[in-house]
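One letter stands for each residue in the lines below.
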Amino acid sequence: MRLVIGLIFLVYAHLALAATLTVDTGAGSRRLSTEQLLARPDTRDIQVAGDVSYHAAMRYRAVPLKALLEGVSNGDHLQFVALDGFTAEIPASLVLGTGGAEAWLAVEPADKPWPKLGEGKPSAGPFYLVWLRPEAGHVGPEQWPYQVASIKVLADPAARFPAMQPAPGLPANAPARRGFAVFQRNCLSCHTLNGQGDAKLGPDLNIPHSPTEYLRADMLRTLVRNPQNLRRWPQAKMPGFDPKVLSDADLDDLLAYLKHMAGRKVSP
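On a predicted model such as this, the values are computed, not experimentally measured, just so you know.

Describing the overall build of the protein
And step 1. Regarding its fold elements, the protein presents eight helices and nine strands.
And step 2. Over its C-alpha trace the protein gives a radius of gyration of 20 Å, about what one expects of a compact globule, namely 18 Å for 268 residues.
And step 3. Burial analysis of the protein (268 residues in total) assigns 43% to the buried set.
And step 4. Across the protein, contacts joining residues at least 24 apart in sequence account for 60% of those joining residues at least 6 apart.
And step 5. Just so you have it, the protein exposes about 14100 Å², and 57% of that area is on carbon and sulfur atoms.
And step 6. Averaging the coordinates of the 28 positive side-chain charges in the protein and doing the same for the 25 negative ones gives two points 3 Å apart.

Okay, here's the thing in structure tokens:
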């Protein structure tokens, strides 16, 4: 009897861990299960030396991501949506590129779950975008989305969210315009601006007030570099961006963008 109960428990545990990924490349969405992905002939073991989420070397069963993106071109834009509402905006050219960083979709086996990310937290599964040689593509930590639920081809954020754009008259090399690119790469995953964006985790960075309006420049830099050095609370989720990820020049441009947008408020 105990053996039967144990087998039933294992079956239900397996079903509970099995998951489905939705991929929409513009020609209709596909739903791919854990089992389907692990059964692909191009699935293999990879070793990730500096895993961003686990802060350690990790080994995964993974699929080369570009193999799942048939019909996607370098000019397209990819959005990764996680189970908790986190969104990662990644140019398709970074995923499809050759000779640089390699994008892999790590798949958590139902019978061998990955470690938890921390006390009271789940694992990075069921699906996790990991990179080999990320430094070759200047891949940032926000471009390692975990607990991925869907991948979609969409227009780039500048086209989807016009209220985020700097003033059209700014020169192409203006700090605020460069800062908009930094914002898209590092902040858009968690924050909206002027009420626009798909993120559901962090506050809007312009409505009702830009952080440049209520924080001194040095305090705002501290917040970006290490939020816990400015204020601490148990539910804090914002990561710090050290100079290896966000250079001082990029941070200057980001602050220039936020200050510029404080004069371009659009109520949602």
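Some details on the sheet that holds strand β4 (residues 58-64)
And step 1. The four strands are arranged β3-β4-β7-β8 in an open sheet whose pairing can be described as antiparallel. Only two strands of the sheet have a single partner each, and these edge strands are β3 (44-48) and β8 (127-132). Taken over all neighbouring pairs, the strand axes of this sheet differ in orientation by 55° on average, direction set aside.
And step 2. In terms of strand pairing, strand β7 (residues 102-107) meets β8 through six bridges, oriented antiparallel. Bridge assignment links Trp104 to a residue of β8, and that residue is Val130.

Topic: the pattern of salt bridges
A side chain of one charge can pair with a side chain of the opposite charge if their charged atoms are brought near each other.
And step 1. As enumerated under the stated definition, the model contains eleven salt bridges in all.
And step 2. Residue Arg160 pairs with Glu89 through a salt bridge whose shortest N-O separation is 2.9 Å. Of this pair, Arg160 sits in helix α4 (residues 157-160) while Glu89 sits in strand β6 (residues 87-91), and the two are 71 residues apart along the sequence.
And step 3. For the salt bridge of Glu102 with Arg133, the shortest nitrogen-to-oxygen distance reads 2.8 Å. Here Glu102, found in strand β7, pairs with Arg133, found in the loop between β8 and β9 (148-154); they are 31 residues apart in sequence, far enough to count as distant.

Brief notes about the nonpolar core
And step 1. Counting 45 residues, the largest nonpolar core has Tyr60, Leu65, Phe80, Val130 and Trp131 as its most contacted members.
And step 2. Top element by residues in this core is β8. It accounts for six residues.
And step 3. Among residues more than four places away in sequence, those in contact with Trp131 are Val48, Leu94, Val95, Ala101, Glu102, Ala103, Val139, Gln143 and Trp144.

So, the packing of helix α5 (residues 175-186) against helix α8 (residues 248-261)
And step 1. At a minimum axis distance of 7 Å, the contact between α5 and α8 shows a crossing angle of 105°. In this view, α5 runs roughly perpendicular relative to α8, as classed from their interaxial angle. Contacts from Pro175, Ala176, Arg178, Gly179, Phe180, Val182, Phe183 and Arg185 in α5 reach Asp250, Asp253, Leu254, Ala256, Tyr257 and His260 in α8.
And step 2. Residues of the contact of α5 with α8, tallied by class, amount to eight nonpolar, two polar and four charged.

Side note on helix α7 (residues 217-225)
And step 1. Along α7, the positions that sit buried rather than exposed are Leu220, Leu223 and Val224. Buried residues of α7, viewed axially, fall in a sector of 95°; they line one side.
And step 2. Taken together, the buried residues of α7 touch α6 (211-214) and α8.

The rules we used
Residues numbered from 1 in each chain as written. Predicted model: local features only at pLDDT ≥ 70, side-chain atom pairs only at ≥ 80, totals over all residues. Heavy atoms only, no water. Helix = DSSP H or I, 4+ residues; strand = E, 2+ residues; numbered from the N terminus. Rg over C-alpha atoms; globule rule 2.2 N^0.38 Å. Buried < 20%, exposed > 50% of the residue type's maximum accessible area, 1.4 Å probe, protein only. Contact = heavy atoms within 4.5 Å. Areas by Shrake-Rupley, 256 points an atom, 1.4 Å probe, with all protein chains shown as cover. Lys, Arg positive; Asp, Glu negative; His and termini not counted. Charge placed at Lys NZ, Arg CZ, Asp CG, Glu CD. Pairing = 2+ DSSP bridges. Axes fitted to C-alpha atoms, helices over the stretch in contact; angles between N-to-C directions. Salt bridge = Lys/Arg side-chain N within 4 Å of Asp/Glu carboxyl O. Core = buried A, V, L, I, M, F, W, Y, C linked by side-chain atoms within 4.5 Å. Parallel < 35°, antiparallel > 145°, perpendicular 65-115°, else oblique. Nonpolar A, V, L, I, M, F, W, Y, C, P; charged D, E, K, R; others polar. Arc of directions from axis to C-beta.

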